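Residues per chain, in single letters:
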Amino acid sequence: MTKRELRLIIRETKLLERRLIARNKKKVKTLFLDFTRKIAEDNGLTYADNKIVVKIDYEWLLKKTRSVLESIYLYNFDQVSSYFQNVYKKKLDRKIIAGIKDYFLNNWNKKHALKKAKFITQTTRKKLNAVIVEAQEKGLAHKSIVEQLINAAGNMSKQRADTIARTETSSSINTTNYHIAEQAKMKRKGWIHIGGKKM
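> Would you take a moment to explain the packing of helix H1 (residues 3–42) against helix H3 (residues 94–137) for this structure?
A pair of packed helices can be characterised by two numbers: the angle between their axes and the separation between those axes. At a minimum axis distance of 14 Å, the contact between H1 and H3 shows a crossing angle of 50°. Put simply, H1 runs oblique to H3. As H1 packs across H3, the resulting crossing turns out to be right-handed. Contact with H1, carried on its side by Phe-32, Phe-35 and Ile-39, involves Ile-120, Thr-124 and Leu-128 of H3 and no other residues of that element. Its residues assigned to classes, the contact of H1 with H3 shows five nonpolar, one polar and no charged.

> Even after reading the chapter, I still don't get the environment of Tyr-58, so can you show me in this structure?
Along the chain, the position of Tyr-58 falls in helix H2 (residues 58–88). With relative accessibility at 8%, the residue Tyr-58 sits in the buried group. Spatially, the C-alpha atoms of Tyr-58 and Lys-118 are 9.8 Å apart, while their sequence positions differ by 60 residues. Setting aside residues no more than four positions away along its own chain, Tyr-58 makes contact with Phe-35, Thr-121, Thr-124, Arg-125, Leu-128 and Asn-129.

> I tried to follow the pattern of salt bridges on my own but got confused; where do I start?
Here the structure, examined in full by the defined rule, presents 10 salt bridges. Across the salt bridge formed by Arg-166 and Asp-162, the nearest N and O atoms sit 3.2 Å from each other. Placement of the pair is Arg-166 and Asp-162 together in helix H4 (residues 142–183), with a separation of four residues, close to one helical turn. Arg-166 sits in the partly exposed class, given a relative accessible area of 44%. Members of the salt-bridge network, linked through shared partners, are Lys-25, Asp-162 and Arg-166.

> Explain H3 to me, please; I cannot follow it from the model alone.
Residues separated by three or four positions in an α-helix point in the same direction, a consequence of the helix having 3.6 residues per turn. For H3, spanning 44 residues, the distance from its first C-alpha to its last is 60 Å, which sits close to the expected 64 Å at 1.5 Å a residue. Phe-104 marks the point of greatest bend in H3, at about 40°. Capping of H3 at its N-terminal end is provided by Asp-93; its side-chain oxygen lies 2.8 Å from the backbone amide nitrogen of Lys-95. Looking one or two places after H3, you find Gly-139, whose phi comes out positive at around 75°.

> Could you clarify how one ought to interpret the nonpolar core in this entry?
Here is a general trend for soluble globular proteins: nonpolar side chains tend to be buried in one another's company. Within the largest apolar cluster, 40 residues are counted, with the highest numbers of intra-cluster contacts made by Phe-35, Ile-39, Ile-56, Leu-128 and Leu-149. Within the residue set of this core, elements represented by two or more residues are H1, H2, H3 and H4. Those residues in contact with Phe-35, other than ones at most four positions away along the chain, are Ile-56, Asp-57, Tyr-58, Trp-60, Leu-61, Thr-124, Leu-128 and Ala-153. If you look at the next biggest cluster of nonpolar residues, it comprises six residues, including Leu-20, Val-80, Tyr-83 and Ile-173.

> Mind showing me how you'd approach H2 here?
Taking 1.5 Å per residue as the helical rise, H2 with its 31 residues ought to reach 45 Å, and the 43 Å between its terminal C-alpha atoms agrees with that figure. Looking at the residues trailing H2, positive phi occurs at Lys-89, about 55°.

What counts and how
Residues numbered from 1 in each chain as written. Predicted model: local features only at pLDDT ≥ 70, side-chain atom pairs only at ≥ 80, totals over all residues. Heavy atoms only, no water. Axes fitted to C-alpha atoms, helices over the stretch in contact; angles between N-to-C directions. Helix = DSSP H or I, 4+ residues; strand = E, 2+ residues; numbered from the N terminus. Parallel < 35°, antiparallel > 145°, perpendicular 65-115°, else oblique. Left-handed = near helix turned anticlockwise from the far one by under 90°. Contact = heavy atoms within 4.5 Å. Nonpolar A, V, L, I, M, F, W, Y, C, P; charged D, E, K, R; others polar. Buried < 20%, exposed > 50% of the residue type's maximum accessible area, 1.4 Å probe, protein only. Salt bridge = Lys/Arg side-chain N within 4 Å of Asp/Glu carboxyl O. Expected span 1.5 Å × (residues − 1). Bend = angle between axes of the 7 residues up to and from the residue. Polar contact = N/O pair within 3.5 Å; in protein donor to acceptor, adjacent residues only side chain to side chain. Core = buried A, V, L, I, M, F, W, Y, C linked by side-chain atoms within 4.5 Å.

In structure tokens, the structure reads:
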């Protein structure tokens, strides 16, 4: 592979990753915005002054997060497998791609999505519990606590969507590339740094 070809692959890989991250960020942002609406609905802000307990449906968040991650991984797989075959001029039989996709969906995707969904849900629970504790220490009423929770969850849609989209996109791209390269019987592999912040 020439340096020019390598530069072209790096450029194309960056474009693919940026496009996938932007799409996936919207999906994760929508998840948190839906969660924000669910908190508002479950706590009925109209009659909130008569309530004592704040309801946050973390099971809903876990299921929705897992579903969103699985859809992200599946879309990424389809995009990356097409990209891989075009860039490396390795046309794989449809049965091989179907086999990799089957493995990807039934093993890595479901296990990884559940693990990540649990982690995201636990992190969200910690952040929202901190909001509840602080609000209760201040002696705020139920309605004010719920409003703070809604603001916190809304902020998560902005803050966390980018991080989650980046890490999960990179993870699924790497996993897909690895399994396709393995099935394509590529003999050499190497890591190409395609950018990002340096620590």
